[in-house]
Each structure stands twice: as C-alpha cells, then as structure tokens.
Amino acid sequence: MNRSIPARERAGYRQALTQLIARLSGTATALEEEAALRGAAPGGTDAPAHEADRAVRESEEELARTLLGNEAHLLAEASAALERLSAGTFGVCEACGKAIAKARLHALPYARTCTKCASATN
Ligand SMILES: [Zn+2]
C-alpha cells in the first residue's frame, strides 16, 4: 500500500520541520550557553554560598537540563522525520503501517505513529 503524500504537502511538512529544527537549534544553543555560564566559577568571592540561592540555582540548572533533553529529543525526531520525507516513508505509522492522520501531522510533523498507536503505547 503506497499512500504517498502529494509533493505539495510534503514540501509543507519539510518546511515546517526545517523551521522547527532551526528554532530548536537556536534554543539549544542558547540553553547550552546559559548552562556554560552558570557552570563557570563565580570567582572573586570567598563567601559561602547561601543554601537557598544554591538550591534555586540547582533547580534552575535541572530545569535547563530537562529542557535541553527535550529539545535534543525533538531535534532528533524532526531530523528523522526529514529523512523519512526523503525516503518516502513519511506519514506512515511505524507501528501499524497505516497513514497518519493529516491533522496529527500538521500538529506533530515528526510523529512516528498514528493517534491510535500513540495512545496504545502511552
Ligand atoms: Zn498506527
């Protein structure tokens, strides 16, 4: 069964994915820079770190790490979706092999599975 997506729509998904990758790359870079800045030694002061401040900073770093993980994951998914576009397997559920609903692809152009399979695994 070849439910290939019309070229015009493929171009739309490609554009959406490319933009997503560009946005995620920018965000990831900013977060990495921030993490690097935070990690830098706060030279010049011998005062012991205030526990509360430290706790806040650590939770912020934790959050940044989590965001970075999500961004990296999304970035990988978007890149994989672009590869599927090139390979002609884009829009096909990896679990059941059926076409993924257009509405789902519009919302999540990097979706690997149809709504049914996605909810079955969650
Ligand atoms: Zn499916």
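Residues numbered from 1 in each chain as written. Predicted model: local features only at pLDDT ≥ 70, side-chain atom pairs only at ≥ 80, totals over all residues.

(A) Looking closely at the nonpolar core. One finds L17, A78, A81, I100 and Y110 to be the most contacted residues of the largest nonpolar core, which totals 13 residues. Among the elements of the structure, α1 (7–39) and α2 (51–87) are those that each provide at least two residues to this core. The leading source of residues in this core is α1, at 4 residues. Ignoring anything within four residues of it in the chain, the contact list for A81 reads L17, F90, P109 and Y110. (Core = buried A, V, L, I, M, F, W, Y, C linked by C-beta atoms within 7 Å. Buried ≥ 20, exposed ≤ 12 C-beta atoms within 10 Å, placed from the backbone. Helix = DSSP H or I, 4+ residues; strand = E, 2+ residues; numbered from the N terminus. Contact = placed C-beta atoms within 7 Å.)

(B) Representation of the packing of α1 against α2 in the model. Packing of α1 against α2 brings their axes to within 9 Å, and their N-to-C directions diverge by 155°. Accordingly, the angle class assigned to the pair α1 and α2 is roughly antiparallel. Crossing handedness for the pair α1 and α2: left-handed. Taken together, the residues that form the contact of α1 with α2 break down as 18 nonpolar, 3 polar and 8 charged. (Axes fitted to C-alpha atoms, helices over the stretch in contact; angles between N-to-C directions. Parallel < 35°, antiparallel > 145°, perpendicular 65-115°, else oblique. Left-handed = near helix turned anticlockwise from the far one by under 90°. Nonpolar A, V, L, I, M, F, W, Y, C, P; charged D, E, K, R; others polar.)

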